[in-house]
Amino acid sequence: MNVIRIATRAACGLVLVSNAAAAQDPAAVALADRVFAQYSAASPGCQVGVSREGRVLVEKAYGAADLERGVPLTTASILEAGSVAKQFTAAAVTLLALEGKLRFDDPVQKHFPELPQYERPITIRMLLDHTSGLRDWGDIASLAGAPRGTRAYTHAHVLEIIARQRALNYPPGDQYSYTNSGYNLLAMLVARVSGQSFADFTRDRLFRPLGMTNTSWRDDYRRIVPGRALAYAPVPGALASWRTDMPNEDAHGNGGLLTTVGDLLRWNDALTKRTVGGAQGGAVVDSLTRQAVLTSGERITYAAGLVLDEYRGAPRVGHSGATAGYRSYLVRFPTQRDLSVAVLCNTYANAAALALGMVDGLATGLAPVVRGTVAPPAPRGAPLPTDSLRRLVGDYFSEEVGAALRVTLEGERLMVRRGAESPAPATQMGEGRFSVGGTTVWFTRDGSSGGQLMHVATGRAHDVVFTRAR
């Protein structure tokens with residue numbers, strides 16, 4: 001058990017600081033020093049926390065929290081956990097379901113009449129397990145020319161973008177596609193159903209009861225958070241050079257959890273002991289770990305804000321996270337004496353690989369690492385001739401995105417331009433498909449009107465249709 005001491009911080013009053021160093025496991029500390037050796041006072045870095053059967057083995061920080069002021073990263077520094085936050089949002093929704101204030105099979109329109117009716121209902125459970133088919137609002141915002149990080153998005157903005165989408169990635173329940181849209185809606189749902197703000201509800205029902213005193217939400221990115229570590233991105237082409245990369249938006253529930261590895265270990269311990277939500281803890285954990293089943297009957301690894309799979313033959317329960325310059329990973333291994341690892345970084349680190357580096361050195365009886373083979377690239381069909389490309393030129397508009405794209409032909413190459421941006425080349429992939437900066441584009445004819453359609457697919461928005469102006 002951690003020993004807690006009271007420390008005085010100038011201008012910040014009294015704060016609780018973990019003083020677990022004396023009780024930490026020397027072998028685990030030495031392992032962490034090796035795994036995180038690349039981080040120094042001259043670079044941003046990471047926190048790592050490891051526990052087994054509820055006992056902290058190591059809790060340590062490496063690197064800087066603020067490069068401009070030379071502030072070191074400590075275990076008391078507050079970092080953002082990215083999509084690790086989703087399990088907390090799912091827990092809040094589950095508490096309300098257990099209290100009869102909502103049902104997992106409620107159609108989303110029952111609570112969000114702003115949303116359009118789809119051919120098949122989207123349920124609350126589908127939002128939890130990413131089988132709703134909803135497009136990711138961030139991808140739609142990016143297509144419109146205002147990607148996340150360029151605008152201070154609020155939940156009102158998010159809801160407006162989602163409500164514009166008349167089509168889905170697929171019929172609800174048929175497939176899995178990771179999307180932040182569902183979890184932003186879930187955070188809004190908690191506020192609408194509970195009568196409290198999402199931040200207040202989770203503070204009162206989750207964080208405070210579990211002693212997670214360093215955890216809150218970035219529901220106002222301008223709020224002063226004492227001890228917060230800034231997030232950084234490497235400067236392209238410059239060695240050991242950094243620039244700040246902060247999530248300056250208010251949308252949360254999908255991410256936006258401000259926390260420490262110590263608090264995340266407390267959370268994992270509560271999941272293991274089934275004490276999340278008090279007397280209803282067992283039912284909460286059962287709901288969080290209930291893997292989704294598609295309409296085909298296929299069971300997937302995603303549950304409710306948690307992924308249940310295996311690592312080197314050992315069952316694991318975890319989730320990764322990435323928001324702006326923050327990276328995170330939280331995982332537990334029930335058959336490894338409840339081994340838990342939490343990693344929070346304030347730069348573009350592979351937090352999962354760092355966490356699993358700790359697992360490799362502490363777990364027992366793991367299966368050997370199996371190296372996969374790289375599949376050869378798929379053969380490309382014949383490129384379209386110039387005459388065919390010329391017929392695709394024009395201005396295309398999407399009401400769902402709220403933006404227009406202009407397609408031109410320069411020589412024998414299509415170019416795609418959005419607004420006043422510089423045109424981007426469309427590289428032919430064969431069979432009438434193109435790649436534009438990593439986005440896939442193809443063209444069809446409208447069967448009823450005969451008009452030219454341009455289809456755009458991103459990783460989380462599978463087919464957004466733009467219609468050519470006549």
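Keep in mind it's a predicted model, so treat the numbers as computed, not measured. (Residues numbered from 1 in each chain as written. Predicted model: local features only at pLDDT ≥ 70, side-chain atom pairs only at ≥ 80, totals over all residues. Heavy atoms only, no water.)

Enquirer: Before we move on, could you go through the overall build of the chain and cite the residues and values that matter?
Expert: A count of helical and extended segments in the chain gives eleven helices and 23 strands. Radius of gyration (C-alpha) of the chain: 24 Å, near the 23 Å computed for a compact globule of 470 residues. Its C-alpha atoms give the chain principal-axis dimensions of about 75 × 55 × 50 Å. Considering only contacts within the chain whose residues lie at least 6 apart along the sequence, 61% involve residues at least 24 apart. Of the roughly 20900 Å² of accessible surface on the chain, 52% is carried by carbon and sulfur atoms. Averaging the locations of the 50 positively and 42 negatively charged side chains of the chain gives two centres separated by 2 Å. (Helix = DSSP H or I, 4+ residues; strand = E, 2+ residues; numbered from the N terminus. Rg over C-alpha atoms; globule rule 2.2 N^0.38 Å. Contact = heavy atoms within 4.5 Å. Areas by Shrake-Rupley, 256 points an atom, 1.4 Å probe, with all protein chains shown as cover. Lys, Arg positive; Asp, Glu negative; His and termini not counted. Charge placed at Lys NZ, Arg CZ, Asp CG, Glu CD.)

Enquirer: So, the pattern of salt bridges: which residues are in play, and what are the values?
Expert: Two side chains of opposite charge can pair, provided their charged atoms sit close to one another. Within the structure shown, the criterion is met by 28 salt bridges. K60 serves as the salt-bridge partner of D33, at 2.8 Å between the closest nitrogen and oxygen. Of this pair, D33 sits in helix α1 (residues 26-35) while K60 sits in strand β4 (residues 55-62), placing them 27 residues apart in sequence. By relative accessible area, D33 is classed as partly exposed at 32%. Residue K60 is classed as partly exposed on the basis of its relative accessible area of 28%. For the salt bridge of D174 with R120, the shortest nitrogen-to-oxygen distance reads 2.7 Å. In this pair, D174 sits in the loop between α5 (155-163) and α6 (180-194) while R120 sits in the loop between α2 (86-98) and α3 (124-129), placing the two residues 54 residues apart along the sequence. One salt-bridge network, in which partners are shared between bridges, spans R103, D105, D106 and K110. (Salt bridge = Lys/Arg side-chain N within 4 Å of Asp/Glu carboxyl O. Buried < 20%, exposed > 50% of the residue type's maximum accessible area, 1.4 Å probe, protein only.)

Enquirer: If you had to explain the side chain of S287 to someone new, which residues and values would you point to?
Expert: Mapped onto the elements of the fold, S287 is located in helix α9 (residues 281-288). Overall, S287 belongs to the buried group, its relative accessible area being 7%. There is a polar contact of 3.4 Å between the side chain of S287 and the side chain of T94. Among all residues touching S287, those that are not within four sequence positions of it are T94, F104, R125 and A304. (Polar contact = N/O pair within 3.5 Å; in protein donor to acceptor, adjacent residues only side chain to side chain.)

Enquirer: Got a sec to walk through the state of the cysteines? Specific residues and values, please.
Expert: Per the stated rule, a full pass over the model turns up one disulfide. Put simply, C46 and C345 are joined by a disulfide, and their sulfur atoms are 2.2 Å apart. Judged by the sign of its S-S torsion, about 100°, the cystine formed by C46 and C345 is right-handed. With a gap of 299 residues between them, C46 in strand β3 (residues 46-52) and C345 in strand β15 (residues 339-345) connect regions that are remote in the sequence. (Disulfide = S-S within 2.5 Å.)

Enquirer: Describe the packing of aromatic side chains, with residues and values.
Expert: Scanning the entire structure with this criterion turns up eleven aromatic pairs. Taken together, the ring pairs connect F88, F198, F207, W217 and W267 into an aromatic cluster. Over the ring of Y183 we find K86; its NZ or CZ atom is 5.7 Å from the centre of that ring. A cation sits over an aromatic face here: R125 above F104, 4.2 Å from the ring centre. (Phe/Tyr/Trp six-rings, centres within 6.5 Å; stacked < 30°, edge-to-face > 60°. Lys NZ or Arg CZ within 6 Å of the ring centre and 35° of its normal.)

Enquirer: Let's hear about the sheet that holds strand β11 (residues 257-259): which residues, and what values?
Expert: Judged by pairing direction, the sheet is antiparallel, and its three strands sit side by side in the order β7-β11-β8 without closing on themselves. Both edges of this open sheet fall to β7 (79-80) and β8 (216-217), since each of them pairs with a single strand only. Of the strand pairs in this sheet, β8 and β11 are connected by two bridges, and their pairing is antiparallel. In the sheet register, W217 faces β11, and the bridge partner there is L257. (Pairing = 2+ DSSP bridges.)

Enquirer: Help me get a handle on the packing of α5 against α6, residues and values and all.
Expert: Where α5 contacts α6, the axes come no closer than 10 Å and their chain directions differ by 120°. Accordingly, the angle class assigned to the pair α5 and α6 is oblique. The interaxial crossing formed by α5 with α6 has left-handed handedness. Packed against α5, whose contacting residues are H155, V158, L159 and I162, the element α6 presents S181, N184, L185, A187, M188 and R192 at the interface. (Axes fitted to C-alpha atoms, helices over the stretch in contact; angles between N-to-C directions. Parallel < 35°, antiparallel > 145°, perpendicular 65-115°, else oblique. Left-handed = near helix turned anticlockwise from the far one by under 90°.)

Enquirer: Please give an account of unusual backbone geometry that cites residues and values.
Expert: One non-glycine residue, R312, lies in the positive phi region at around 50°. Within the secondary structure layout, R312 lies in the loop between β12 (307-311) and β13 (314-323). With a phi angle near 55°, D338 is a residue other than glycine that sits in the positive phi range. As for its placement among the helices and strands, D338 is situated in the loop between β14 (326-333) and β15. The exposure class assigned to D338 is partly exposed, which follows from its relative accessible area of 25%.

Enquirer: Now, about the side chain of T94: what can you tell me, with residues and values included?
Expert: In this structure, T94 sits in helix α2. When residues no more than four places from it in sequence are discounted, the contact partners of T94 are F104, A283, V284, S287 and L288.

Enquirer: So what about the nonpolar core? Which residues, and what values?
Expert: By size, the foremost hydrophobic cluster in this structure holds 101 residues, and its most contacted members are L185, W267, V276, L288, F443 and M454. Beyond its immediate chain neighbours, meaning those up to four positions away, F443 contacts L392, Y396, V407, L414, G432, F434, Q452, L453, M454 and H455. The next biggest cluster of nonpolar side chains, apart from the first, holds 32 residues, and it includes V29, Y39, A314 and A355. (Core = buried A, V, L, I, M, F, W, Y, C linked by side-chain atoms within 4.5 Å.)

Purely geometric numbers; function is a separate question.
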